[in-house]
Amino acid sequence: MFRRAIGTTLGFVGYTIQYGCIAHCAFEYIGELVVCSGPSMEPTIVDDDIVFSERMSRHLCKIQKGDIVVAKSPFNPNLNICKRVIGLEGDKICTSSPSDLFKTHTYVPKGHVWLEGDNLRNSTDSRNYGPIPYALIRGRVCLKLWPPHSFGTLSESPTNRIIKSETDSD
């Protein structure tokens, strides 16, 4: 009786560890569901929208301008941020607001990306903390799952701040 209970318990623990490893690999290398909060990506993503963030693009270095990504916050590693990629390494980015008389620019350094929210008036992003290291990117948002009426791929940037260069069209 005692041996049977130990055998059953160890079998259960073994299956739990196996399925735990499979789940870890799936979430780490394939993707995950993300519940978004905050106004920074409105109108593309609003509070409590659920999106699917795939991880393969990050591992294959296939993040492009215009992609929406989930990244670790440069201020608080316990928080994730959801922003749009405006510039990649080597890109020249206008850091001033459209109403500024004199325009200021910066270059995105090697190994970094420039992220901005779609709601420019209500977003803390690279305009505040500068370019972020590529390693902080957790995944690329490829699909909105909730609410059901907005299920599907995500729209283009409503801010028109993404400037495509000749090399982007190749």
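Our subject is the structure that appears above.
Because the structure is predicted, anything quoted here is derived from the model rather than measured.

Novice: Kindly report on the overall build of the protein chain, identifying the contributing residues and their values.
Specialist: For the protein chain, the helix and strand inventory stands at three helices and nine strands. In sequence order, the secondary structure elements of the protein chain are arranged as α-β-β-α-β-β-β-β-β-α-β-β. Its C-alpha atoms give the protein chain a radius of gyration of 20 Å, clearly above 15 Å, the size a compact globule of 170 residues would have. Evaluated residue by residue, the protein chain yields a buried proportion of 34% over its 170 residues. Once local pairs closer than 6 in sequence are excluded, the contacts in the protein chain between residues at least 24 apart make up 54%. Measuring between centres, the 19 positive side-chain charges of the protein chain sit 6 Å from its 18 negative side-chain charges.

Novice: Can you explain the side chain of lysine 65? Please cite residues and give values.
Specialist: Here lysine 65 shows up in the loop between α2 (56-59) and β3 (68-72). Here the side chain of lysine 65 touches aspartate 91 through a polar contact of 3.3 Å, side chain to side chain.

Novice: I'd like a rundown of the pairing of β3, residues and numbers included.
Specialist: Of all five residues in β3, four are buried, a share of seventy percent or more. Here β3 pairs with strand β4 (residues 80-87) via five bridges, running antiparallel. Counted as the bridge partner of valine 69 is lysine 83 from β4. Here β3 pairs with strand β9 (residues 137-146) via four bridges, running antiparallel. In the strand pairing of β9, isoleucine 68 is matched with valine 141.

Novice: Account for unusual backbone geometry, with residues named and values stated.
Specialist: A cis amide bond links glutamate 42 with the next residue in sequence, proline 43, at an omega value of 5°. Relative to the helices and strands, proline 43 is located in the loop between β1 (31-35) and β2 (50-54).

Novice: Can you tell me about the side chain of aspartate 125, naming the residues and giving the values?
Specialist: As for its position among the elements, aspartate 125 is in the loop between β7 (112-116) and α3 (126-129). Within the local environment of aspartate 125, its side chain forms a polar contact with the backbone nitrogen of glycine 117, the two atoms lying 3.1 Å apart. Within polar-contact distance, the side chain of aspartate 125 engages the side chain of arginine 127 at 2.9 Å. Those residues in contact with aspartate 125, other than ones at most four positions away along the chain, are Lys83, Leu115, Glu116, Gly117 and Gly130.

Novice: Just give me the short version of the packing of aromatic side chains, but keep the residues and values in it.
Specialist: Applying the stated rule across the entire model yields two aromatic pairs. For the ring pair tyrosine 15 and tyrosine 19, a centre distance of 6.4 Å and an interplane angle of 20° mean the geometry is stacked. Placement of the pair is tyrosine 15 and tyrosine 19 together in helix α1 (residues 2-30), with a separation of four residues, close to one helical turn. By relative accessible area, tyrosine 19 is classed as exposed at 55%.

Novice: Got a sec to walk through the sheet that holds β2? Specific residues and values, please.
Specialist: Judged by pairing direction, the sheet is antiparallel, and its seven strands sit side by side in the order β1-β2-β9-β3-β4-β7-β8 without closing on themselves. At either margin of the open sheet sits one strand with a lone partner, and together these are β1 and β8 (132-133).

Novice: With reference to specific residues and values, describe the environment of proline 131.
Specialist: Relative to the helices and strands, proline 131 resides in the loop between α3 and β8. With a relative accessible area of 26%, proline 131 lands in the partly exposed category. Linking proline 131 and glycine 111, residues 20 residues apart in sequence, is a C-alpha distance of 9.5 Å. Those residues in contact with proline 131, other than ones at most four positions away along the chain, are Val108, Pro109, His112, Val113, Trp114 and Ser126.

About the criteria used
Residues numbered from 1 in each chain as written. Predicted model: local features only at pLDDT ≥ 70, side-chain atom pairs only at ≥ 80, totals over all residues. Heavy atoms only, no water. Helix = DSSP H or I, 4+ residues; strand = E, 2+ residues; numbered from the N terminus. Rg over C-alpha atoms; globule rule 2.2 N^0.38 Å. Buried < 20%, exposed > 50% of the residue type's maximum accessible area, 1.4 Å probe, protein only. Contact = heavy atoms within 4.5 Å. Lys, Arg positive; Asp, Glu negative; His and termini not counted. Charge placed at Lys NZ, Arg CZ, Asp CG, Glu CD. Polar contact = N/O pair within 3.5 Å; in protein donor to acceptor, adjacent residues only side chain to side chain. Pairing = 2+ DSSP bridges. Phe/Tyr/Trp six-rings, centres within 6.5 Å; stacked < 30°, edge-to-face > 60°.

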